[in-house]
Amino acid sequence: MKKITIAFLLSLFVAAAFAQDLSYYLPRNVQYNKSIPTPASIVGHEVGEWHVTHDRLVQYVKAVDQASDRMILKPLGLTNEGRQQLALIITSSENQQRLEQIRQQHLALTNPDQSSSLNISEMPVVVWMGYSIHGNESSGANAALLATYYLAAAQGPEIDALLKNTVIILDPSFNPDGLNRFANWVNMHKSFTPVSDPNAREFNEVWPGGRFNHYWFDLNRDWLPAQHKESRNRLSLYHDWKPNILTDHHEMGSNSTFFFQPGVPSRVNPNTPAKNQELTAAIGNYHAQFLDSIGSLYFTKEGYDDFYYGKGSTYPDINGAVGILFEQASSRGHLQETENGLLSFPFTIRNQFTTTLSTLAAAKGLRKQMLDYQRSFFKDVIKEAEAYPVKAFVFGDAQDKAKTQIFVEMLLRHQIEIYPVKSEINAEGKIFKPGSSFLIPTAQKQFKIIKTVFEKTFNYKDSLFYDVTAWTMPLAFGLPYAEIKTLISTNSQKLNQPVELTAAVIGSANPYAYAIKWNEYYSPKVLYKLQDRGIKTKVASKQFKMMIAGKEEFFDYGTIIVPLSIQSMDAQTVAGMVNEAIQQNGVDAYALATGFSSDGIDLGSNSFVHLKKPSVMMFGGNGTSATDVGEIWHMMDTRFNVPVSIVDVDRFGSINADRYNVIIMASGTYNNLNKNAQDKLKEWISAGGTLIATEDATKWLSSNGFTKVLFKSGDDKRDSTLQLPYFLRSDETRAKDMTGSLFEAKVDLTHPLGFGYNNPSVTIFKSNTLFMDKNNGAYDSPVMYTDQPLQSGYLYRGYKNAVKNTAAVNVDNLGRGRIISMVDNLNFRAFWLGTSKMFMNAVCFGPLIR
């Protein structure tokens, strides 16, 4: 009988865990407006009974927007999969009547020239509530249903006071595509007889999972680079309002509890003011009180940090706000066994909703302190900028307009003031000319962002990091830049939008051939477009000069030529195709009147090598890193419009690989590439294919006999008699991680992988402990790390000698083909443009390499 009773009670708990009505979540003793639809009345199920899909989430917030005078719906844009990004702007109906006035007054608080005269005693505080930037951490987005209902329907003096003194921007889903992918997965595997076994399929997503956006990027690393639609859409509204508090609701391992900031004190970025952390702690007191009231376990000040400004909880910290990270132990489905007992999806949602309420209570209670902090922040920023030794940064690449434009676009998204250079600037031995260079004075209110974008960092309070340790962005972009340490006049009007790319056909009206230089970032895009339309192309493996309009023009390694005599179409058709391709991409073309050079090789030389259109396959699925695969896919698809066939590792043995001439192995384990598939891959390479491998894939190829690449380990010698406290064991191990730093390498500019570069120095992002020895062949290691390679970031002492003078790229021959081993990630997070060109060189020019 006792066993039956226990089983019966457990079944009741499980049933309750699957379906909770609103009373489980909402504050007690609050009346609700019955004209406001409940979540269940719109989405068709109770909150937490199923994982809400994005379309139903949108349907609900739109329904509440129609029913409530407390909120307006703000469309932000569309994701890559066409899903709506939107936000609700929520405040009292009285405030809604003067919302634009409130917004303008709030923005004035960030203007040091205006803020002193503002009266903050009646000014509302602005709070941004953001949910589930990782799509498979969906308790946040499901809590957004509750937050929307509560803020629209709750009645009484308490909610009236909150809405009078607060403008709430509720962003129900930071990552619509990932959220929907995950919701579909867990819902399709939900049993009506509950299954809580962690081994069950419900809790174990297939590759790539729901964490990422459409291109398998982690959007919680993109607030600063802002290379993705979702980030760009969000940043526009962010800077329209400049919130005082921004919350970022996440999930973590199922066996944990609940985390809220402050994080590890020693891992706060030094550019973040101390007052920010004081306010974070003050807000934390509210979280503790609210979580205590429902008996939930939690922790602070460990595990998570406030260092990299590309995260949602850290980006506000250099914008005069306080970012708050929440991490809830994840049920990963509907009900899961954990070390703390059965963890239900409704329980996780309740914690997220409870800390939504605690944040709003903190904003109301600390309203004047938050507003005063924002005002003081921007005043102090100007003082800090005036004391900063660098008075301006100048940057620009006359030979690569597109890369400069992309960098400018990124800076403008953060409201940085940029001025075109009007007269030549000579700084740090570099010449910056009008028309291709830009100036950023540091004495402006976005100084903190300018500083973190341009600065190099070497000194750290801690040796443990949650994410990257450095991100010096002009180095990442491969852009020439310099510091100016004396006051300099801008002498021009600041940019409001990026300068449009333009292009021209220069030279003969009756061309013999066209020449397209390879220095422009979008040159590979032009090449592929021409090849795809049937135009035959060649590439220069040597330098040459030609007379054009009475002037001698220099053409470097990698110049593409389009000889008219070998085309299957008439000259006028070719001219139209060339003109269309260059105009779309801002790449000039040169119309050559003759094949006779004024210096160097003539156009009929065998040093011009025929090019084949790349037909590209990339391994994906189990055994590969989704983010690494995604970065390459995103770059080739959106930057260069080169189609990529992503094929699961498990399927390679059964496909016809002969349709491809380039195969990419992004970082991964590849343990599921069986012996027959390996033999097939070797045969494909031997027949003339180009295999490009990155990071861990280079180690796999070496271990499995594809290459002769050797790796060396770091120097980790330590006094064997040293006795350390046991509690330091984990920290010591983690201090050896390479979470991400910047290193200088030298590239052979005559090598096909170096085509298009005009400076042999490149900056490579390294986030692994693979140190690749130089190959034995004199020409087989075209990219080498320097003797003193660290340019910015943390480097464990045992790796200082290991990384220097090692190979960043090795090339091995296999039959008539070649394997290009890139030991690091040359396409990191879509903004490492300085080395993504090298990757595209491998795609376009691989067959040239011997």
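Parameters at a glance
- Numbering of residues starts from 1 in every chain and runs along the sequence as written.
- Confidence filtering applies because this is a predicted model: local features only for residues at pLDDT of at least 70, side-chain atom pairs given and counted only at 80 or more, and all residues used for totals across whole chains, interfaces and linings.
- The side-chain figures draw on all heavy atoms in the structure; neither hydrogens nor water molecules are used.
- A run of DSSP states H or I qualifies as a helix once it reaches four residues; a run of E qualifies as a strand once it reaches two. Both are numbered from the N-terminal end.
- Accessible area is worked out with a 1.4 Å probe on protein chains only. A residue is then buried under 20% of its type maximum, exposed over 50%, and partly exposed in between.
- Any pair of residues with heavy atoms lying within 4.5 Å of one another is described as a contacting pair.
- Per-residue and other accessible areas follow the Shrake-Rupley method at a 1.4 Å probe size, with only the shown protein chains counted as cover for residues.
- When charges are tallied, Lys and Arg are placed among the positive residues and Asp and Glu among the negative ones, while His and the ends of the chain are skipped.
- Positions of charges follow a simple convention, taking NZ of Lys, CZ of Arg, CG of Asp or CD of Glu.
- Two strands are counted as paired when DSSP detects at least two bridges linking them.
- Angular values range over 0 to 180 degrees, each being the angle between N-to-C directions of two axes fitted as lines to C-alpha atoms, with helices fitted over their stretch in contact.
- Put plainly, a pocket is an open set of points on a 1 Å grid over the protein atoms alone with protein on both sides within 12 Å along at least five of seven lines, a cavity is a set where a 1.4 Å probe fits but cannot get out, and a lining residue has an atom within 4 Å of a point.
- Grid points are joined across faces, edges and corners, and a volume is the space filled by probe spheres set on the points.
- Residue type decides the class: Asp, Glu, Lys and Arg count as charged, Ala, Val, Leu, Ile, Met, Phe, Trp, Tyr, Cys and Pro as nonpolar, and the leftover types, Gly among them, as polar.
- Here, a salt bridge means any side-chain nitrogen of Lys or Arg that lies within 4 Å of a carboxyl oxygen of Asp or Glu.
- Our angle categories are set so that under 35 degrees counts as roughly parallel, over 145 as roughly antiparallel, 65 to 115 as roughly perpendicular, and the remainder as oblique.
- Any two of the Phe, Tyr and Trp rings considered here, Trp counted by its six-membered ring, make a pair once their centres fall within 6.5 Å; the pair's planes then place it as stacked at under 30 degrees, edge-to-face at over 60, or tilted in between.

(A) The overall build of the protein chain, seen in detail. Per the secondary structure count, the protein chain includes 23 helices and 37 strands. Counting only C-alpha atoms, the protein chain reaches 90 × 70 × 65 Å along its principal axes. Expressed as a percentage of its 850 residues, the buried residues of the protein chain come to 60%. For the protein chain, the proportion of contacts with a sequence separation of at least 24, taken over those separated by at least 6, is 79%. Of the roughly 33,200 Å² that the protein chain leaves accessible, carbon and sulfur atoms contribute 48%. In the protein chain, which carries 83 positive and 82 negative side-chain charges, the distance between the mean positions of the two groups comes to 1 Å.

(B) The sheet that holds strand β20 (residues 538-540), seen in detail. On the basis of which strands lie adjacent, the open sheet formed by six strands has the order β18-β24-β19-β23-β20-β26 and mixed pairing. Pairing within the sheet leaves two strands with one partner each, and these edge strands are β18 (505-507) and β26 (608-610). Here the strands of the sheet are splayed against their neighbours by 30 degrees on average, with no regard to which way each runs. As judged from the two bridges shared by β20 and strand β23 (residues 560-563), these two strands associate in the antiparallel manner. Note that in β23 the partner of V539 across the bridge is I560.

(C) Local environment of the layout of surface pockets. By volume, the largest pocket amounts to about 820 Å³. G478, L479, P480, N758 and N759 are the residues nearest the centre of the largest pocket, which is lined by 34 residues in total. Of the residues in the lining of the largest pocket, the class split is eleven nonpolar, 13 polar and ten charged.

(D) Structural view of the side chain of T359. Within the element layout of this structure, T359 appears in helix α11 (residues 345-365). Accessibility expressed as a relative area gives 0% for T359, which makes it buried. The contacts of T359, once residues within four sequence positions are left out, are V127, M129, I245, T247, H287 and F326.

(E) Structural view of the pattern of salt bridges. In this structure the tally under the stated criterion is 28 salt bridges. Its salt-bridge partner being R375, residue D372 comes within 3.7 Å of it at the nearest N-O pair. Taken together, the residues span about one helical turn, with D372 and R375 both in helix α12 (residues 367-387) at a distance of three residues. Note on R375: relative accessible area 12%, which makes it buried.

(F) Summary view of the pairing of strand β19 (residues 513-516). Side chains A513 and A515 of β19 all project onto a buried face; the interleaved residues Y514 and I516 project onto the opposite face, where all are buried too. Relative to strand β24 (residues 589-592), β19 runs antiparallel, the two sharing three bridges. Bridge pairing in β24 links Y514 to A591. As defined by bridge partners, β19 adjoins β23 across four bridges and the pair is classed as antiparallel. Bridge assignment links I516 to a residue of β23, and that residue is I560.

(G) Main features of the pairing of strand β11 (residues 341-344). Sheet analysis places strand β10 (residues 335-338) next to β11, joined by four bridges and oriented antiparallel. Counted as the bridge partner of E337 is L342 from β11. Linkage of β10 to β11, two consecutive antiparallel strands, is achieved through a turn of two residues.

(H) View of empty space enclosed by the protein. In total, this model carries two cavities of 30 Å³ or more according to the counting rule given. Its volume calculated, the largest cavity comes out at about 70 Å³. Contributing to the lining of the largest cavity are Y521, E631, H634, M635, R639, L826, N827, A830, F831, W832, L833 and S836. Among the elements that take part in the lining of the largest cavity, helix α18 (residues 626-639) stands out by supplying four residues, more than any other. In terms of residue class, the lining of the largest cavity is made up of seven nonpolar, three polar and two charged. Here the second largest cavity is characterised by a volume of approximately 40 Å³. Every residue along the wall of the second largest cavity is listed here: K612, K613, P614, N661, V662, V843, C844 and P847. Here the residues of the lining of the second largest cavity sort into five nonpolar, one polar and two charged.

(I) Molecular detail of the sheet that holds strand β8 (residues 258-260). The seven strands are arranged β2-β3-β6-β4-β7-β9-β8 in an open sheet whose pairing can be described as mixed. Of all the strands in the sheet, just β2 (71-78) and β8 have a single pairing partner and so form its edges. Across the sheet, the axes of successive neighbouring strands diverge by a mean angle of 15 degrees, strand direction being ignored. Pairing analysis gives five bridges linking strand β4 (residues 125-131) to strand β7 (residues 245-252), with the strands arranged parallel. Of the residues in β7, the one forming a bridge with M129 is T247. Here helix α6 (residues 139-153) sits on the sheet in contact with β2, β3 (84-90), β4, β6 (166-171), β7 and β9 (322-329), set at roughly 145 degrees to β6. Sheet strands touched by helix α9 (residues 229-241): β2, β3, β4, β6 and β7. Its angle to β2, the strand with the most contacts, is close to 140 degrees.

(J) Here's a closer look at unusual backbone geometry. The omega torsion of the bond from W207 to P208 falls at 0 degrees, within 30 degrees of zero and hence cis. In this structure, P262 follows Q261 across a cis peptide bond, with omega equal to 25 degrees. Tracing the chain through its elements places P262 in the loop between β8 and α10 (274-294). Residues other than glycine seldom take positive phi values, yet N491 does so here, at roughly 55 degrees. Along the chain, N491 turns up in the loop between β17 (481-484) and β18.

(K) Structural detail: the packing of helix α3 (residues 54-67) against α6. Viewed as axis vectors pointing N to C, α3 and α6 meet at an angle of 10 degrees, and their least axial separation amounts to 10 Å. Accordingly, the angle class assigned to the pair α3 and α6 is roughly parallel. In this structure, α3 uses L57, Y60, V61 and V64 to contact α6, whose residues at the interface are A141, L145, T148, Y149 and A152.

(L) Summary view of the packing of aromatic side chains. Applying the stated criterion to the full structure yields 56 aromatic pairs. Residues Y460 and Y794 carry aromatic rings whose centres are separated by 6.2 Å and whose planes lie at 90 degrees to one another, so their mutual orientation is edge-to-face. Taken together, the residues Y460 in the loop between α14 (447-454) and α15 (473-477) and Y794 in the loop between β35 (783-792) and α22 (800-803) connect sequence positions 334 residues apart. Exposure class is identical for Y460 and Y794. Each is buried. Within the aromatic cluster, the residues linked to one another by ring pairs are F307, Y308, Y309, Y460, F465, W471 and Y794.

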